[in-house]
Amino acid sequence: MYSDGSLKNLFMGLQPLLPSLLNEAFWDQWMGTKGVAILKLLLSNETLLLSGSVFLGPSFAQYIASVYRSTKNFLNNQLYVSVEIDDMERIHRPIAAFISEQMESVALKMAQGEYDRRPSDFGSHTRLDRSSNNPSIALQPVLDHEHRFVYKGRAFWAIRLSEQQSGNVTSSGTPWSRLFGGLQKSSIRITMRGRDIKVLRGYIQEWIDLYYAKKDNKLVVYKCSHGGRPGECSWEEKATKDIRSFDTVILKEGQKEDLLQDAKDFLDRHEWYADRGIPYRHGCLLSGPPGTGKTSIVRSLASQLDMQLASISLTGLNSDEEFETMVATAPANTILLLEDVDHCLKVIEDTKGKSGTAASPQIGHITLPGLLNVMDGLDMQDGTIFFMTCNDINILPPVMRRRGRIDKEVILDYADGYQIKTMFERFFRQTYFDNNNDTNNDMTWEDICNRVVQAIPEGVFSTAELQGFFLNYTFHMDRSKKVRFDDLFGLIDGFKLETQVERQNRERQKQKELAALKKRATKEKKNKKNTTPEPTLSPSASTCTASSTSSYVEDDEDETPLDDK
Ligand SMILES: Nc1ncnc2c1ncn2[C@@H]1O[C@H](COP(=O)(O)OP(=O)(O)OP(=O)(O)O)[C@@H](O)[C@H]1O
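What you see is a predicted model; the values in this text were computed from it and never measured.

Rules used throughout
- Residues numbered from 1 in each chain as written.
- Predicted model: local features only at pLDDT ≥ 70, side-chain atom pairs only at ≥ 80, totals over all residues.
- Heavy atoms only, no water.
- Buried < 20%, exposed > 50% of the residue type's maximum accessible area, 1.4 Å probe, protein only.
- Helix = DSSP H or I, 4+ residues; strand = E, 2+ residues; numbered from the N terminus.
- Pairing = 2+ DSSP bridges.
- Axes fitted to C-alpha atoms, helices over the stretch in contact; angles between N-to-C directions.
- Parallel < 35°, antiparallel > 145°, perpendicular 65-115°, else oblique.
- Left-handed = near helix turned anticlockwise from the far one by under 90°.
- Contact = heavy atoms within 4.5 Å.
- Nonpolar A, V, L, I, M, F, W, Y, C, P; charged D, E, K, R; others polar.
- Patch = residues over 30% accessible without salt bridge, like charges linked within 9 Å, V, L, I, M, F, W, Y side chains within 5 Å.
- Areas by Shrake-Rupley, 256 points an atom, 1.4 Å probe, with all protein chains shown as cover.
- Salt bridge = Lys/Arg side-chain N within 4 Å of Asp/Glu carboxyl O.
- Expected span 1.5 Å × (residues − 1).
- Arc of directions from axis to C-beta.
- Near = heavy atom within 4 Å.
- Polar contact = N/O pair within 3.5 Å; in protein donor to acceptor, adjacent residues only side chain to side chain.

A. Examining helix α10 (residues 294-304) more closely. The complete set of buried residues in α10 reads Lys294, Ile297, Val298, Ser300, Leu301, Ala302 and Ser303. Looking one or two residues beyond α10, the residue adopting positive phi is Asp306, at roughly 60°.

Structure below.
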């Protein structure tokens, strides 16, 4: 499209040659007299001309097309610069969002509609003015159709290339992963007039920055998506969440402030680590019953530290190598979150004996030595903070909790009096007491709080359970249009019973999931054993011995720990 004018110039340049082409002496010179005689015979004999056209015509047409293509490419290379971005690249999403935005100011006859994943105020000036919460549509160029748009007075051409057309780029996702994952490769090519590709790079970087600027005050959650084969995985931006304010996470007194200070101290000590040659990474372990705020505090900490969150599911990984790659390529400025490690270690415990390779216990496909290696931080980017969460800390082998692997351990247990009171205040004080004259007549706020703390036993309910209970009560108050906390005290016994039943159900569900995971892991090991004559242990695995997860012993136990910190 953008070389048509240049081709015309080329043909104009060839015009002066025409008289020579009509002169027989010119062809004599090129083909010799015999060649010209044969050509004349062919052209004067109708049968030969016809059969020649039928058999040679298509090849000739193909030849002409390929000459056209190479001329076009030649001219493009001289006059235009292009950047092609594979859809597996992390920058693909921001660029696609920017192009989608441009499509709204281009006269399109046809476009591909897709779910609008742009930040909420991205391109708001052209977006449909909608008050509905229904999903909205974004327009993308149709595959293999080029579109011209103008940005800051410069013309750009964008094309989404299909699998067949985008042969030029490769990325972390290889064709194999697409083949096995059923994914079609595609890419975006951006073209601009000019000779210096750095200028185009500057513009594209601007579009990416624009995309992320819209996400300020948001928490971006990245998750890894897996290809079909080990090592084939990449980080994907999964969600953009509102920032969770620090005040809304209610831990035991001083706990969250302590966690925040710990992370800040670490981030301030880059040089300190470098001077001592210690991997600049920081491991934190949060343990406690379900619903005590482990995930919530990590999210909130990420926002407090102006960082994003990258979450890895250990059971979804295909191999130690994949785990290392994920950690090494985690998006910049993110906290790594490994949730429910105890859950994964239970799978290790149950499947390792059956494989006959006790030295290589596995979590799905990753081994305990693999996990420990990653925790040691050699593959981690400088400045990585990772959080592990677990419900039962006793399942974790001591070697995993060693200093230098885990630098900070915090137990988030069932709610104490402080948490009950703080949460109660957050839910009710302003809306149902301070701003409401109808409230409990003769009782002061302190009276009400004291009664609540006395009625709800400490160390029995998780903060998530309390949240559910209080939330229901606000609905009840709103419905009945009455604010009488007396009712609340009467509901506490029922709440205890309900909680008990819910916990039993949750436990049953967890056991089911665990059994399914173990079954999958054992089956995969069996399959592996049948297809591989002798399982090879990774170098890390061969240096380790284990008789049980909890008594896991490592050769390098005498490594210098971080105790001198
Ligand atoms: N300490 C807390 N402060 C405020 N909200 C909390 C707290 N604990 C739990 N919640 C609320 O309960 C829900 C679940 O919390 P969260 O996922 O953080 O718990 P968790 O400890 O990570 O649970 P699990 O062990 O099951 O992963 C969230 O909606 C969260 O807002």
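B. Seen up close, the pairing of strand β5 (residues 154-161). Among the eight residues that make up β5, seven are buried, leaving the element largely enclosed by the rest of the structure. As defined by bridge partners, strand β4 (residues 146-151) adjoins β5 across six bridges and the pair is classed as antiparallel. What sits directly across from Glu146, in β5, is Ile159. In textbook terms, the turn of a hairpin is the stretch between consecutive antiparallel strands, and for β4 and β5 this stretch comprises two residues, one of which, Lys152, has a positive phi near 50°. Here β5 pairs with strand β6 (residues 187-193) via six bridges, running antiparallel. The residue of β6 that forms the bridge with Trp157 is Thr191.

C. The arrangement of the packing of helix α8 (residues 255-267) against α10 in detail. Running from amino to carboxyl end, α8 crosses α10 at an angle of 50°, the nearest separation of the two axes being 11 Å. By the angle between their directions, the pair α8 and α10 is classed as oblique. The interaxial crossing formed by α8 with α10 has right-handed handedness. Contact with α8, carried on its side by Lys256, Leu259 and Leu260, involves Ile297, Leu301 and Gln304 of α10 and no other residues of that element. In terms of residue class, the contact of α8 with α10 is made up of four nonpolar, one polar and one charged.

D. Here's a closer look at the packing of helix α5 (residues 92-103) against helix α7 (residues 197-213). It is the contact of α5 with α7, at a shortest axis distance of 9 Å, that shows an interaxial angle of 90°. Judged by the angle between their axes, α5 and α7 are roughly perpendicular. Only Ile204, Trp207, Ile208, Leu210, Tyr211 and Tyr212 of α7 make contact with α5, whose side of the interface consists of Arg93, Pro94, Ile95, Ala97 and Phe98.

E. Just a nonpolar patch on the surface, in detail. Taken together, the side chains of Leu17, Leu18, Leu21, Trp27, Trp30, Met31, Ile38, Leu39, Leu42, Leu43 and Leu49 define a hydrophobic patch exposed on the protein surface, amounting to about 1,000 Å² of accessible area. If one sorts the elements of the nonpolar patch by residue count, helix α3 (residues 24-44) sits on top with seven residues. For Leu42, the position within the fold is in helix α3.

F. Here's a closer look at unusual backbone geometry. Its identity as a non-glycine residue notwithstanding, Asp144 has a phi of 65°, on the positive side. Turning to its location among the elements, Asp144 is positioned in the loop between β3 (137-140) and β4. Note on Asp144: relative accessible area 32%, which makes it partly exposed. Unusually for a residue other than glycine, Asp340 sits at a positive phi of about 55°. By the secondary structure assignment, Asp340 is in the loop between β11 (334-338) and α12 (341-355). Owing to a relative accessible area of 32%, Asp340 belongs among the partly exposed residues under this scheme.

G. Representation of α7 within the structure. For α7, spanning 17 residues, the distance from its first C-alpha to its last is 24 Å, which sits close to the expected 24 Å at 1.5 Å a residue. Of all the positions in α7, only Leu200, Tyr203, Ile204, Trp207, Ile208 and Tyr211 are classed as buried. Taken around the axis of α7, the buried residues stretch over an arc of 140°, which confines them to a single face. Facing away from the buried side of α7 by over 90 degrees, the exposed positions are Lys198 and Arg201. Of the surrounding elements, those touching the buried residues of α7 are β1 (80-86), α5, β4, β5, β6 and β8 (233-242).

H. Representation of the site of the ligand in the model. Around the ligand there are 17 residues in total, and Arg244, Ile250, Lys294, Thr295 and Ser296 lie nearest to it. Here Lys294 contributes a side-chain N or O atom positioned 2.7 Å from an oxygen atom of the ligand. One of the side-chain N or O atoms of Thr295 is found 2.7 Å from an oxygen atom in the ligand. Taking 620 Å² as the accessible area of the ligand by itself, protein coverage stands at 78%. Taken together, the elements giving at least two residues each to the shell around the ligand come down to α10 and α16 (463-480). For the shell around the ligand, a count of residues per class yields six nonpolar, nine polar and two charged.

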